[in-house]
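Residue strings, one per chain:
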Amino acid sequence: RLLLEASWEAIERAGIDPVSLKGTATGVFAGVMYSDYTAVLASPEFEGFQGGGSTSLASGRVSYALGLEGPAVTVD
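Analysis parameters
- Residues numbered from 1 in each chain as written.
- Predicted model: local features only at pLDDT ≥ 70, side-chain atom pairs only at ≥ 80, totals over all residues.
- Heavy atoms only, no water.
- Buried < 20%, exposed > 50% of the residue type's maximum accessible area, 1.4 Å probe, protein only.
- Helix = DSSP H or I, 4+ residues; strand = E, 2+ residues; numbered from the N terminus.
- Arc of directions from axis to C-beta.
- Contact = heavy atoms within 4.5 Å.
- Salt bridge = Lys/Arg side-chain N within 4 Å of Asp/Glu carboxyl O.

## Focus: helix α3 (residues 58-66)
An α-helix turns once per 3.6 residues; consequently, residues spaced three or four apart project the same way.
Part 1 of the reasoning: By the burial criterion, the buried members of α3 are Ala-58, Ser-59, Val-62, Ser-63 and Leu-66. All buried residues of α3 project into a common sector of 135° when viewed along the axis, lining one side.
Part 2 of the reasoning: Considering only its buried residues, α3 is in contact with α1 (2-13), β1 (28-31) and β2 (72-75).
Part 3 of the reasoning: Following α3 by one or two positions, Gly-67 has its phi on the positive side, about 75°.

The structure is reproduced here in C-alpha cells:
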C-alpha cells in the first residue's frame, strides 16, 4: 500500500496524470528489503490480513493497480 501511494505521488509530482498511464508499456521497478510485517500479523486475530507479505509481488501490485502493461521487477 505504501509503495502504491508513493508511486502515485511520484507520478503526480512529475506532472503526469496517473490515470493516463493505464494500458501503456510503463514499467515498475522496485527495490524492496525484508519485512517483519508477516510476523506482526501471525496471531489468529489478524487472519484476514495474512498472506500479503511476499515482497516479490510489490512491483506487480503497483503495475496492476495502475493498469500498466510494461515490465514489473522487484529487486531484493
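## Quick word on the pattern of salt bridges
Part 1 of the reasoning: Applying the stated criterion to the full structure yields two salt bridges.
Part 2 of the reasoning: Of the charged contacts, one joins Arg-1 and Glu-5 as a salt bridge, the two residues approaching to 2.7 Å between their closest N and O atoms.
Part 3 of the reasoning: Measuring nitrogen to oxygen at the nearest pair gives 2.7 Å for the salt bridge that ties Arg-13 to Glu-9. One end of the pair, Arg-13, and the other, Glu-9, are both in helix α1, four residues apart, so they sit about a helical turn from each other.
Part 4 of the reasoning: Judged by relative accessible area, which is 71%, Arg-13 ranks as exposed.

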